[in-house]
Amino acid sequence: MYNVQGSLREWVTRDEVRRFIARKFRQFLLTYTNPKNEGGQPEYVRSIDEMVAANKCSLEIDYKQFIHTHPNIAIWLADAPQSVLEVMEEVALNVVLRFHPNYEKIHNKIYVRITNLPVFDQIRNIRQVHLNTMIRIGGVVTRRSGVFPQLQQVKYDCHKCGSILGPFFQNSYSEIKVGSCPECQSKGPFTVNIEQTIYRNYQKLTLQESPGIVPAGRLPRYKEVILLNDLIDIARPGEEIEVTGIYTNNFDMALNTKNGFPVFATVVEANHISKKQDLFSAYKLTEEDKAEIEALSKDPRIGARIIKSIAPSIYGHEDIKTAIALAMFGGQEKNVQGKHRLRGDINVLLLGDPGTAKSQFLKYVEKTAQRAVYTTGKGASAVGLTAAVHKDPVTREWTLEGGALVLADRGICLIDEFDKMNDQDRVSIHEAMEQQSISISKAGIITSLQARCSVIAAANPIGGRYDSGKTFTENVELTDPILSRFDVLCVVKDVVDPVRDEMLARFVVDSHFKSQPKGAEELNPDGSMEEPVGSAEASDPEVISQETLRKYITYAKLNVFPKLHDADLNKVSLVYADLRRESMHGQGVPIAVRHIESMIRMSEAHARMHLRNYVTEDDVDMAIRVLLDSFISTQKYGVQKALQKSFKKYMTYKKDFNELLLHLLRGLLNDAMRFEELMGRSRVPLTHIQVKVEDLEAKAREYGFTDLQPFYDSKQFANANFTLDTSQGVITHPSM
């Protein structure tokens, strides 16, 4: 059977060859077991059960598994797909009906979808060789037509004798003409019998090359893709997809009149479509992944580990990392009896001096979040963020095109250079940030689009630098309505601090040192290759890899829905009352009712981070701490100190004990340096600066710390170049 006589396309239409293919494919479906799970149930028997349970009619066959088992038939499938797929679909239907006899009442046809085709072609490299073969191409969907019914089996009525002719099978290229009626031999007229004709769904996509692979200075190419049956509406404009399908041609009269000689228009009839961001979607999480995620969530320090794993290549900025972690997990959306929606997404504003890695954080979120859209202030207009109405070039009708906030639905919208946006454009975000919908009434289209996304924005203060001597509103060109819509405000100041600067510089140098370019092997002076001695300490074992973190967030969002308890709400209302009182005197951000909801949302996000279905006191304390940090950082320098004292019991919650003491020690060190300068001793170069141990202990007692020995033994203390001299009772640090 494997010795093909004549052309392959004619060979696979022969009856005996078709029976041979059917027998082999049935055997493959019923017996193939994945080598990974030996002794388990056959792979495709399990797939059929899953398909039936989900009421679907597409059975996915992995081409690589098929080619290992039946190499010749797999090659026939790639070279003459239409005939071979026809046989496979008949076999698949029989196998499904053998296990589930009544499934025919739901779907009378099963479609075989081929995944993992090994050869990937670029749209611009498709040639005549590929005609009528199976190809795999990738690109971005730019346009999508409506769904039309396409004729599949046609029956005609004869007007003279009333008999029904048919069925005739309709193909995509030409219309079927009936010669004469077999009953009365008349030549017509015939009309299509509407009731007995069978239709199928039909939709056209325009696929454009991905922006990353277009050669420099060239325009991206397009290709039409036809979706049939259950593939319709599988991809939306703007999504990046991979299409496996049959490359066919159809006769186009318009092209011939234009060119003056017969030319065919080519299309791809899609067989299987996979989205790029589906690689991390829920149903792709294996049992091992779920077990690993559950094991991770049992770790008592998982919250701190996740915060540490966010942008691990950026030093410090614990508050920003906490805010971003909470925003990526998100709170619980509430729908009160279907009438009133309360948003669950957390909005974050990063505001600070240049060079504090704000854009890097946004870029990190774009890579890690499951669905993220990145825009910049100057590059985005009001319609680009919300929705635009324009004329479709094909149908000449007005159509809606969603902007960044609509595309980021159920994800995160990242806006960089938020302060550079025009005021009119910024107003368009107001509705999207609180009501999470975008209402439109333009060109006769009156509708409301969903925009359920978190907004993470980054902005610079007026004049580039944040001035702690001025109030928050004097530092920022943002109005109160938009500021109150942000749950967390992170003010990042670039403060000169010798100890911290030295640690930061060492961190940056180390990270450059670790990321050597490819092929740059480390050679020692004697020519031997070995690990350089100067490299930093091994990477932190507490940091979770980016891939695992993505899966963890996906799993948490789909399976964990935290609930609140009455006991927690009492604390929230007390803190809110205190904050309201303080905000009347201070010149920071005004505290509004929205901030109560912010606290609740953040406590839910923190519970979701630990995969808990209920909110505990820990979560509420953490949310209060984040909100207080955000509120106090927007105050004037003088007011900050007083507020930190009055809200001390909340502020120190779950802060790293050693980090806090290190912060106090740095403060004392700076005071000592300033004192030395004022005393005029700075003419003699200082070799080291000393801080008395009793001064540090007195400061620590204010925060409730009595035993400082663990801090002196900690890694942070040594890394910051401090040494303890117990005999003299001083801590010394080499001066800059």
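As the structure is a prediction and not an experimental result, all values here were calculated from the model.

Student: Would you mind going over the sheet that holds strand 22 (residues 688–692) with me for this structure?
Tutor: Two orientations exist for strands paired in a sheet by backbone hydrogen bonds: parallel and antiparallel. Here three strands make up an open sheet; going across it, the order is 22-24-23 and the pairing antiparallel. Of all strands in the sheet, those bounded by a partner on one side alone are strand 22 and strand 23 (723–725). The mean angle between the axes of side-by-side strands here comes to 30 degrees, regardless of whether they run parallel or antiparallel. Relative to strand 24 (residues 730–734), strand 22 runs antiparallel, the two being bridged by five bridges. When the sheet's bridge partners are listed, H688 is paired in strand 24 with P734.

Student: Is there a simple way to explain the sheet that holds strand 17 (residues 412–416) in this structure?
Tutor: If you trace the five strands from one edge of the open sheet to the other, you get 14-17-20-13-21, paired in parallel fashion. Looking at which strands have only one partner, the edges of the open sheet turn out to be strand 14 (372–376) and strand 21 (488–492). Looking at each pair of strands side by side, their axes are set apart by 15 degrees on average, direction ignored. Inspection of the sheet shows strand 14 paired to strand 17 by five bridges, in the parallel sense. From the neighbouring strand, T376 faces strand 17, where its bridge partner is D416.

Student: How should I be thinking about the packing of aromatic side chains in this particular structure?
Tutor: Remark: the centre distance and the inter-plane angle together describe each pair of aromatic rings, the angle taken between the planes. The tally for this structure, following the rule as stated, stands at 10 aromatic pairs. Their ring planes at 90 degrees and their centres at 5.8 Å tell us that F418 and F486 sit as a pair that is edge-to-face. Taken together, the residues span a long stretch of sequence, with F418 in the loop between strand 17 and helix 14 (423–434) and F486 in the loop between helix 16 (480–484) and strand 21 at a distance of 68 residues. Here F418 and F486 have matching classes, each one buried. Among the aromatic residues, those joined into a cluster by ring pairs are F25, F28, Y32, Y44 and F66. A cation sits over an aromatic face here: R98 above F99, 5.7 Å from the ring centre.

Student: What am I meant to see in the pattern of salt bridges here?
Tutor: Pairing is possible between side chains of opposite charge, provided their charged atoms come close. This model, assessed by the stated rule, comprises 22 salt bridges. Across the pair R14 and E16 runs a salt bridge, and its minimum N-O distance is 3.7 Å. In this structure R14 comes out as partly exposed when scored by relative accessible area, which is 34%. For E86, the salt bridge goes to R18, with nearest N and O atoms at 3.4 Å. You can see E86 sitting in helix 6 (residues 81–99) and its partner R18 sitting in helix 2 (residues 15–31), a full 68 residues away along the chain. Where salt bridges share partners, they join R343, D487, E597 and R601 into one cluster.

Student: What should I look at first to understand a nonpolar patch on the surface in this one?
Tutor: Residues V192, I194 and Y199 make up a contiguous nonpolar surface patch of about 260 Å² in total accessible area. Take Y199: it is sitting in strand 7 (residues 198–208).

Student: Which parts of the structure should I look at to understand unusual backbone geometry?
Tutor: Peptide bonds are mostly trans, and most non-glycine residues show a negative phi. Within the chain, N132 stands out as a residue other than glycine whose phi angle is a positive 60 degrees. With a phi close to 50 degrees, E417 is a non-glycine residue in the positive phi region. When you line up the elements, E417 lands in the loop between strand 17 and helix 14. Its relative accessible area of 29% is what places E417 among the partly exposed residues.

Student: Would you take a moment to explain the pairing of strand 7 for this structure?
Tutor: Two faces, one strand: in a regular strand the side chains alternate between the faces of the sheet. Summarising the sheet, strand 3 (residues 134–144) and strand 7 pair through four bridges and their orientation is antiparallel. Residue pairing in the sheet places R144 in a bridge with L205 of strand 7. Sheet topology note: the strand 4 (residues 148–158)/strand 7 ladder contains five bridges and is antiparallel. Paired with Q150 across the bridge in strand 7 is R200. Where strand 7 and strand 8 (residues 222–228) come together, seven bridges link them in antiparallel fashion. Looking at the pairing, L207 lines up with K223 of strand 8.

Student: Please clarify how the environment of N55 should be interpreted in this entry.
Tutor: Mapped onto the elements of the fold, N55 is located in the loop between helix 3 (43–53) and strand 1 (58–62). C-alpha separation for the pair N55 and H107, spaced 52 residues apart in sequence, amounts to 8.4 Å. If near-sequence neighbours (up to four positions away) are discounted, N55 is found in contact with Y103, I106 and H107.

Student: Hey, could you run me through the pairing of strand 2 (residues 111–115) in this one?
Tutor: Counting buried positions along strand 2 yields five of five residues, so the element is predominantly enclosed. Taking every second residue as pointing to the same face, both faces of strand 2 are buried, with Y111, R113 and T115 on one and V112 and I114 on the other.

Student: Hey, could you run me through the packing of helix 2 against helix 6 in this one?
Tutor: Helix packing for two helices is described by the angle between their axes and how far apart those axes are. At a minimum axis separation of 9 Å, helix 2 and helix 6 run at an interaxial angle of 45 degrees. The angle between the axes of helix 2 and helix 6 places the two elements in the oblique class. For the crossing formed where helix 2 meets helix 6, the hand is right-handed. Of helix 6, the residues touching helix 2 (which contributes R18, I21, A22, F25, R26, L29 and L30) are S83, V84, E86, V87, M88, E90, V91, A92, N94, V95, R98 and F99. Residue composition of the contact of helix 2 with helix 6, grouped by class: 12 nonpolar, two polar and five charged.

What counts as what
Residues numbered from 1 in each chain as written. Predicted model: local features only at pLDDT ≥ 70, side-chain atom pairs only at ≥ 80, totals over all residues. Heavy atoms only, no water. Pairing = 2+ DSSP bridges. Helix = DSSP H or I, 4+ residues; strand = E, 2+ residues; numbered from the N terminus. Axes fitted to C-alpha atoms, helices over the stretch in contact; angles between N-to-C directions. Phe/Tyr/Trp six-rings, centres within 6.5 Å; stacked < 30°, edge-to-face > 60°. Buried < 20%, exposed > 50% of the residue type's maximum accessible area, 1.4 Å probe, protein only. Lys NZ or Arg CZ within 6 Å of the ring centre and 35° of its normal. Salt bridge = Lys/Arg side-chain N within 4 Å of Asp/Glu carboxyl O. Patch = residues over 30% accessible without salt bridge, like charges linked within 9 Å, V, L, I, M, F, W, Y side chains within 5 Å. Areas by Shrake-Rupley, 256 points an atom, 1.4 Å probe, with all protein chains shown as cover. Contact = heavy atoms within 4.5 Å. Parallel < 35°, antiparallel > 145°, perpendicular 65-115°, else oblique. Left-handed = near helix turned anticlockwise from the far one by under 90°. Nonpolar A, V, L, I, M, F, W, Y, C, P; charged D, E, K, R; others polar.

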